[in-house]
Amino acid sequence: MYVLGVETSCDETAASLLTGDFNVLSNIILSQDEIHAPYGGIVPELASRQHISSIPYVVKECLNRAQISIEEVDVYAVTQGPGLVGSLLVGLSFSKGLAYYFGKPLIPVDHLEAHIQSAFLENRETPYPVLALLVSGGHTSLFYLEKRLQYELVGKTRDDAAGEALDKIAKFLDLGYPGGPIIDKRAQKGNPRKFPFGVPRMSDRTLDFSFSGLKTAALRYIRKSNLQTDHPQLNDFLASFQQAVIKALLSNLTRAIRKCNPRSLILCGGVARNQELRKKFLSLARKSHLPAYIPSPQLCTDNAAMVAGLALEKIQSGQKGDFSLDVNAYPRFHSS
Ligand code: KG4
Ligand code: ZN
């Protein structure tokens, strides 16, 4: 069996081809970073237009690299939401068109569930229940999976996502876009104890996150210390800010472990590429005596292998759905 996955929820146009035994034959990702960089953030209108012009080439390249013809594709999988609705519609309409023309099923998948799936792609034997920390530019959430394909949202951000906070601080300092990877690199050369940030915690003891207070504190430091691109302590500042974000993520994860008692941990989403977060997450897992899984970096940020993988998982578990072409994009979180 061959599954063609398509992902266009945000600013990456991606297609991937998987075999029925989860083997990734090709995984093409065309980033729009250069298009959005001058604006310091994603411009939704530009994103959807770029998806329209890129998608035919990305899918063609994906099939070429996998050495599979389009007639051989058995199932189409596509991200349905959450994301930018204009962007989602491009991938969804393109995949619907192909499924309709070739008379094949279309499986719509949820973007957040697909991010979690990226960890299962490389580790098929992950023990359940699983606690997954998903950290990206649009989302910061904790999911508890009692068994496979059963997602319970146990914590989420009440304001900014962690990646969004990193991107905004980098934008404010004129460091470039996306800010997450830039801060990651510069933080490695800085002292994380130089600027004392408090760790944000919700007063109501839920497992929710909040990053807007941390962002405001960072902006205050920037103004007070007149931090600019060439400031000698800029790397120290970025290391300290990143450290505070990581502490906030992992302190919630620690409480969630106590509350949910999982048998394994997953870290996923674009921010899971962060070197320091990966290290600290693995160290927390070791201390908690839990096996932990982080996808390889190219599977952390948006990609379509995770989309095709989730569709395959659904097929194999007998979760049929109606596979009709009458599916619509949804922009916000949707509980399944
Ligand atoms: O998962 P993703 O590609 O898109 C969303 O679903 O949001 O995540 C993108 C986010 C951006 O905020 C980006 O700055 C962040 O992931 N990111 C990183 C790193 N690489 C990407 N954040 C910190 N360190 C990195 N190395
Ligand atoms: Zn994503």
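None of these values were measured; they are calculated from a predicted model. (Residues numbered from 1 in each chain as written. Chains lettered and ligands numbered in written order. Predicted model: local features only at pLDDT ≥ 70, side-chain atom pairs only at ≥ 80, totals over all residues. Heavy atoms only, no water.)

1. Overview of the packing of helix 4 (residues 111–122) against helix 11 (residues 305–316)
One can describe the packing of helix 4 onto helix 11 by two numbers: an axis separation of 8 Å at closest approach and a directional angle of 85°. Compared by their axis directions, helix 4 and helix 11 come out roughly perpendicular. Taking contact as the criterion, the partners of His111, Glu113, Ala114, His115, Gln117, Ser118 and Leu121 in helix 4 are, on helix 11, Ala305, Met306, Val307, Gly309, Leu310, Glu313 and Lys314. Residues belonging to the contact of helix 4 with helix 11 are distributed by class as follows: six nonpolar, five polar and three charged. (Axes fitted to C-alpha atoms, helices over the stretch in contact; angles between N-to-C directions. Helix = DSSP H or I, 4+ residues; strand = E, 2+ residues; numbered from the N terminus. Parallel < 35°, antiparallel > 145°, perpendicular 65-115°, else oblique. Contact = heavy atoms within 4.5 Å. Nonpolar A, V, L, I, M, F, W, Y, C, P; charged D, E, K, R; others polar.)

2. Structural notes on the site of ligand 1
Surrounding ligand 1, one finds 19 residues, the nearest of these being Gly137, Gly138, Asp167, Asp184 and Asp302. Between ligand 1 and His111 there is a distance of 3.2 Å, counted from an oxygen atom to a side-chain nitrogen or oxygen. Within the side chain of Asp167, one N or O atom sits 2.7 Å away from an oxygen atom of ligand 1. Every element with two or more residues in the shell around ligand 1 is listed here: helix 4, helix 5 (162–172) and helix 6 (179–187). Residue composition of the shell around ligand 1, grouped by class: five nonpolar, ten polar and four charged. Here the shell around ligand 1 gathers at least three residues from each of two domains, domain 1 (2–115 + 300–316) and domain 2 (127–290). (Near = heavy atom within 4 Å. Polar contact = N/O pair within 3.5 Å; in protein donor to acceptor, adjacent residues only side chain to side chain. Domains from an automatic or database assignment.)

3. Topic: the side chain of Gln80
The topology assignment puts Gln80 in strand 4 (residues 75–81). You can call Gln80 buried: its relative accessible area is 15%. Among all residues touching Gln80, those that are not within four sequence positions of it are Leu88, Pro108, Val109, Val327, Asn328, Ala329 and Tyr330. (Buried < 20%, exposed > 50% of the residue type's maximum accessible area, 1.4 Å probe, protein only.)

4. A look at the pairing of strand 8 (residues 151–156)
Both strand 7 (residues 140–145) and strand 8 contribute to a ladder of five bridges, which runs antiparallel. Within strand 8, the residue paired with Phe143 across the bridge is Leu153. Between the end of strand 7 and the start of strand 8, which pair antiparallel, lie five residues, with Leu149 showing a positive phi angle near 70°. (Pairing = 2+ DSSP bridges.)

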